[in-house]
Amino acid sequence: MMNGIVNIYKEAGPTSFATVHSVKKILGAKKAGHIGTLDPQAEGVLPVCLNKSTKIIQFLTRQSKVYTATMVLGTATDTQDATGQVISQSDPGNVTEDEVKEVLKDFEGEQEQIPPMFSAKKKDGIPLYKLARNGITIDRNPVPIHLHWIKFLNKEDARVTFQVSCSAGTYIRTLCHDMGAQLGCGAHMLHLLRNRVGNFDLETATSLEELKSAKTGGNLDGKIRTVEEALGFMPEIRVKSDHVESIAQGISPRKSALEQWPDKIKRGMNFRVSNENHRLIAIAESLTDQTTFAELDPKGVAFKLKRVLI
């Protein structure tokens, strides 16, 4: 159980790092790491991997996320949220609800986004926010992102609330800033709630207090998810039982070691590697496509191990 993932509801205020530290302290975990950083002022879903499950963080951070955000039209800030200094102001009174909806629609799909200076992204090993705090602004290359959908929720005076499903690496406060610029009035993000990370959602999230009570009462059932559940989005390949030990030693399986595999295989895809009882033992990357795999010699290797999990 202590090698699984706990879906924490992070409250506004503490950093993601502080929240992870609290989880470690409550559960007595030796190692822990979160999936996708939330700014201190943001709240919502923050999955925390415990002990051995920290090995799968890199595969979970790539999962799509869903947020509910409120932006304020008419005021832009240097941090692009409510914590920053005002850098421009204008009257947003002439911006209509229809215009807002039209701009939200414009931002759906493939986009390029320039990461904010007040962010944890690094330049020559130095976080950008440290440069920004010293009044230094540097050029940043735009990053490709994907906004799967954006849903308008409501507009009350200068405040607009919307929900967005997006690819990993998307800055919602930058999205608010950019939409304000397109509306011609400027904007900043006032509030952010993360509703979902992959298959971790608000409905299954637990607060630190609830986790502490469950731990004290010896009732952690349902609070900690298995790595198999967390990686359920990945297709599975199953290996024969007499090849599990060699995989545990880091040896990629030959085709003859495989017992079952999906119908669709693409080069570069990640797969769960499981034993005959569906227990996860590794994550592997495909070296072939479906056609090449079908023609592969039984002694050939079609999947390269990326992470051994046992």
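What comes next is a walk through the structure.

The number of helices and strands found in the protein is 9 helices and 19 strands. In terms of overall dimensions, the protein has C-alpha extents of about 70 × 50 × 40 Å along its principal axes. The buried share of the protein, reckoned over its 310 residues, is 47%. Long-range contacts, defined here as pairs at least 24 residues apart, represent 67% of the contacts in the protein between residues at least 6 apart. Working note: accessible area of the protein is about 15800 Å², and carbon and sulfur atoms make up 47% of it. For the protein, the distance from the average position of its 40 positive side-chain charges to the average position of its 36 negative side-chain charges is 9 Å.

Attention now goes to the packing of helix 1 (residues 16–27) against helix 6 (residues 208–216). Interaxial distance between helix 1 and helix 6 falls to 10 Å at its minimum, and their mutual angle equals 10°. Classified by the interaxial angle, the pair formed by helix 1 and helix 6 is roughly parallel. Facing helix 1, whose interface residues are Thr19, Ser22, Val23, Ile26 and Leu27, helix 6 presents Leu208, Leu211, Lys212 and Lys215. Split into classes, the residues belonging to the contact of helix 1 with helix 6 amount to 5 nonpolar, 2 polar and 2 charged.

Let us now look at the pattern of salt bridges. Under the definition given, this model contains 6 salt bridges. Linking glutamate 229 and arginine 225 is a salt bridge whose minimum nitrogen-to-oxygen distance equals 3.9 Å. Judged by relative accessible area, which is 17%, arginine 225 ranks as buried.

Moving on to a negative patch on the surface. A cluster of like negative charges, contributed by Asp98, Glu99, Glu102 and Asp106, occupies part of the molecular surface. Along the chain, glutamate 99 turns up in helix 3 (residues 97–106).

The rules behind these values
- Residues numbered from 1 in each chain as written.
- Predicted model: local features only at pLDDT ≥ 70, side-chain atom pairs only at ≥ 80, totals over all residues.
- Heavy atoms only, no water.
- Helix = DSSP H or I, 4+ residues; strand = E, 2+ residues; numbered from the N terminus.
- Buried < 20%, exposed > 50% of the residue type's maximum accessible area, 1.4 Å probe, protein only.
- Contact = heavy atoms within 4.5 Å.
- Areas by Shrake-Rupley, 256 points an atom, 1.4 Å probe, with all protein chains shown as cover.
- Lys, Arg positive; Asp, Glu negative; His and termini not counted.
- Charge placed at Lys NZ, Arg CZ, Asp CG, Glu CD.
- Axes fitted to C-alpha atoms, helices over the stretch in contact; angles between N-to-C directions.
- Parallel < 35°, antiparallel > 145°, perpendicular 65-115°, else oblique.
- Nonpolar A, V, L, I, M, F, W, Y, C, P; charged D, E, K, R; others polar.
- Salt bridge = Lys/Arg side-chain N within 4 Å of Asp/Glu carboxyl O.
- Patch = residues over 30% accessible without salt bridge, like charges linked within 9 Å, V, L, I, M, F, W, Y side chains within 5 Å.

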